[in-house]
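Spelled out, the chains give:
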Amino acid sequence: MNKKDNDYLDQLESESIHILREVAGQFERPALLFSGGKDSITMTRIAQKAFRPGKFPFPLVHIDTGHNFPEVIAFRDQLVQSLGERLVVRRVEDTMREKNLKPPVGKLGSRNALQTYTLLDAIEEFRFDACIGGARRDEEKARAKERIVSVRDEFGQWEPKLQRPELWNLYNGRIHKGENVRVFPISNWTELDIWNYIRRERIDLPRIYFAHRRRCLVYKGQLVAASGHIINDPSDEFVERSVRFRTVGDMNCTAAVESTASTVEEIIREISLSRISERGETRIDDRTSEAAMEDRKKGGYF
């Protein structure tokens, strides 16, 4: 990595550290939303730089759909143990039972949208006033509209037309009772920035981010990891391919990409040649409509 690239990563890192410290200074009960994916893992490294040798001024919160990749859950627990930080897990399955929510229908039956109910319940339970997320503006057009500090009303809803200006890196954290904010410290990073930072910092990741052989269902031109969460059909086509995942989440809405990239350097080269965003290529739930993500965010999704 040349000096120019390293200086650029330093600038991104410095901005993100500043934002995390602003959150710690302005809010009483912040939380870091943690999926076990590369972006939230990167956020934990930035939090270490912002607050060590002290403890994080917030817990890590995982909203577990129950359809997670086993490799990611194992990595999550290992990372939290090594950090010595507090992990709060709230399960979508519990919310479905308590609220009598209908299970998702269809062949894949993703629980991704149901995470909103569990997240809002967790915010109410712990009275979180700021939820820190690892979303980036390059991922998806609705996320490109989002401010770094984004207010949610007392129902957890987001109104994209009513957002606060953020001039000179000043963030207005004033909220009324019942409101909370979502904070996105890596908004200005790209997928390539994340991977360059992972390379520079030598950050460990779950192995599913690297090429491996996996049995997959061919579904509408995409490769979905075979699992017990899929409703099988005699006409289904299953194949074994060398794949990796650009993003992780609910197994039933996260497709793999064919790849032989087994190192960080190879992944960086692969991403440099790609013209499709990671969500655009791999997130099945974003394809339900042109405004799928924005509709979920308006309802409280992170």
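Conventions adopted
- Residues numbered from 1 in each chain as written.
- Predicted model: local features only at pLDDT ≥ 70, side-chain atom pairs only at ≥ 80, totals over all residues.
- Heavy atoms only, no water.
- Helix = DSSP H or I, 4+ residues; strand = E, 2+ residues; numbered from the N terminus.
- Buried < 20%, exposed > 50% of the residue type's maximum accessible area, 1.4 Å probe, protein only.
- Contact = heavy atoms within 4.5 Å.
- Areas by Shrake-Rupley, 256 points an atom, 1.4 Å probe, with all protein chains shown as cover.
- Pairing = 2+ DSSP bridges.
- Axes fitted to C-alpha atoms, helices over the stretch in contact; angles between N-to-C directions.
- Core = buried A, V, L, I, M, F, W, Y, C linked by side-chain atoms within 4.5 Å.
- Domains from an automatic or database assignment.
- 1 Å grid on protein atoms, 1.4 Å probe; cavity = no way out; pocket = protein on both sides within 12 Å on 5 of 7 lines; lining within 4 Å.
- Points joined across faces, edges and corners; volume = space filled by probe spheres on them.
- Nonpolar A, V, L, I, M, F, W, Y, C, P; charged D, E, K, R; others polar.
- Phe/Tyr/Trp six-rings, centres within 6.5 Å; stacked < 30°, edge-to-face > 60°.
- Lys NZ or Arg CZ within 6 Å of the ring centre and 35° of its normal.
- Parallel < 35°, antiparallel > 145°, perpendicular 65-115°, else oblique.
- Right-handed = clockwise from strand over helix to strand, strands pointing away.
- Salt bridge = Lys/Arg side-chain N within 4 Å of Asp/Glu carboxyl O.

Student: How should I be thinking about the overall build of the chain in this particular structure?
Tutor: A count of helices and strands for the chain gives 10 helices and 10 strands. Residues counted as buried form 54% of the 302 residues belonging to the chain. The contacts of the chain with a sequence gap of at least 6 include a subset with a gap of at least 24, amounting to 74%. Total accessible area computed for the chain in this model is approximately 14,600 Å², and 49% of it derives from carbon and sulfur atoms.

Student: Hey, could you run me through the sheet that holds strand β5 (residues 149-152) in this one?
Tutor: Two modes of strand pairing occur in sheets, parallel and antiparallel, and in both the strands are linked by backbone hydrogen bonds. One open sheet accounts for 6 strands, arranged β3-β2-β1-β4-β6-β5; its pairing is mixed. At either margin of the open sheet sits one strand with a lone partner, and together these are β3 (87-91) and β5. Adjacent strand axes in the sheet meet at a mean angle of 30 degrees, parallel and antiparallel pairs treated alike. One ladder, built from 3 bridges, connects strand β1 (residues 30-33) with strand β4 (residues 130-132); its direction is parallel. Residue pairing in the sheet places Ala31 in a bridge with Cys131 of β4. The strands touched by helix α5 (residues 115-126) within the sheet are β1, β2 (60-64), β3, β4 and β6 (180-183), with β3 carrying the most contacts at an inclination of about 130 degrees.

Student: Would you mind showing me how to read the nonpolar core here?
Tutor: The nonpolar side chains of soluble globular proteins are, as a tendency, buried together. By size, the foremost hydrophobic cluster in this structure holds 56 residues, and its most contacted members are Leu20, Phe58, Ile132, Val183, Trp195 and Leu205. Lining this core are residues from two domains, each supplying at least three of them: domain 1 (8-192 + 291-298) and domain 2 (206-282). By size, the runner-up hydrophobic cluster in this structure holds 15 residues, among which are Val61, Leu101, Phe128 and Cys131.

Student: In this structure, what is going on with the layout of surface pockets? I would like to understand it.
Tutor: Empty pockets left among the atoms are what a rolling probe the size of a water molecule brings to light. Size it by volume and the second largest pocket reaches roughly 360 Å³. Lining of the second largest pocket is provided by 18 residues; of these, Ile123, Arg127, Phe128, Gly178 and Glu179 occupy positions nearest its centre. When residues in the lining of the second largest pocket are grouped by element, the largest group, 3 residues, is from α5. The residue makeup of the lining of the second largest pocket, split by class, is 5 nonpolar, 4 polar and 9 charged.

Student: Mind showing me how you'd approach the packing of aromatic side chains here?
Tutor: Given two aromatic rings, one states the distance between the centres and the angle between the planes to describe the pair. Evaluation of the coordinates by the stated rule reveals 7 aromatic pairs. Arranged with centres 5.7 Å apart and planes meeting at 50 degrees, the rings of Phe56 and Phe58 form a pair that is tilted. Phe58 carries the same exposure label as Phe56, and that label is buried. It is Arg215 that lies over the ring of Phe238; its NZ or CZ is 4.2 Å from the centre.

Student: Can you help me understand the packing of helix α2 (residues 38-51) against helix α3 (residues 70-83) in this one?
Tutor: Angle between the axes and distance between the axes are the two parameters that describe a pair of packed helices. Put simply, α2 and α3 touch, their axes get as near as 12 Å, and they point 5 degrees apart. As the angle between them shows, α2 and α3 are arranged roughly parallel. On α3, the residues touching Ile41, Thr44 and Gln48 of α2 are Phe75, Leu79 and Leu83. Of the residues in the contact of α2 with α3, the class split is 4 nonpolar, 2 polar and no charged.

Student: How should I be thinking about empty space enclosed by the protein in this particular structure?
Tutor: Per the counting criterion, the structure on display carries 2 cavities of 30 Å³ or more. Considered as a void within the structure, the second largest cavity measures approximately 60 Å³ in volume. Lining the second largest cavity we find Ile19, Glu22, Val23, Gln26, Phe27, Val149, Tyr171, Asn172, Gly173 and Val183. When residues of the lining of the second largest cavity are assigned to their parent elements, the largest contribution, 4 residues, is made by helix α1 (residues 3-26). In terms of residue class, the lining of the second largest cavity is made up of 6 nonpolar, 3 polar and 1 charged.

Student: For this particular structure, what's the right way to read the pairing of β2?
Tutor: Along a regular strand, successive side chains alternate from one face of the sheet to the other. Summarising burial for β2: 5 of the 5 residues are buried, a large majority. Here β2 shows no split at all, with Leu60, His62 and Asp64 on one side and Val61 and Ile63 on the other all buried. Examined bridge by bridge, β1 and β2 share 2 bridges and lie parallel to one another. For Leu33, the partnering residue across the bridge sits in β2 and is Val61. A crossover connection joins β1 to the parallel β2 through α2; in handedness this β-α-β unit is right-handed.

Student: I keep staring at the pattern of salt bridges and nothing clicks. Help me out?
Tutor: By the definition in use, this model includes 22 salt bridges. Taking the shortest distance from any N to any O, the salt bridge between Glu201 and Arg200 comes out at 3.2 Å. By relative accessible area, which is 22% here, Arg200 ends up partly exposed. Between Arg244 and Glu270 there is a salt bridge, and its shortest N-O distance comes to 2.8 Å. Residue Arg244 is found in strand β9 (residues 238-244), and its partner Glu270 is found in helix α8 (residues 264-273); the two are separated by 26 residues along the sequence.

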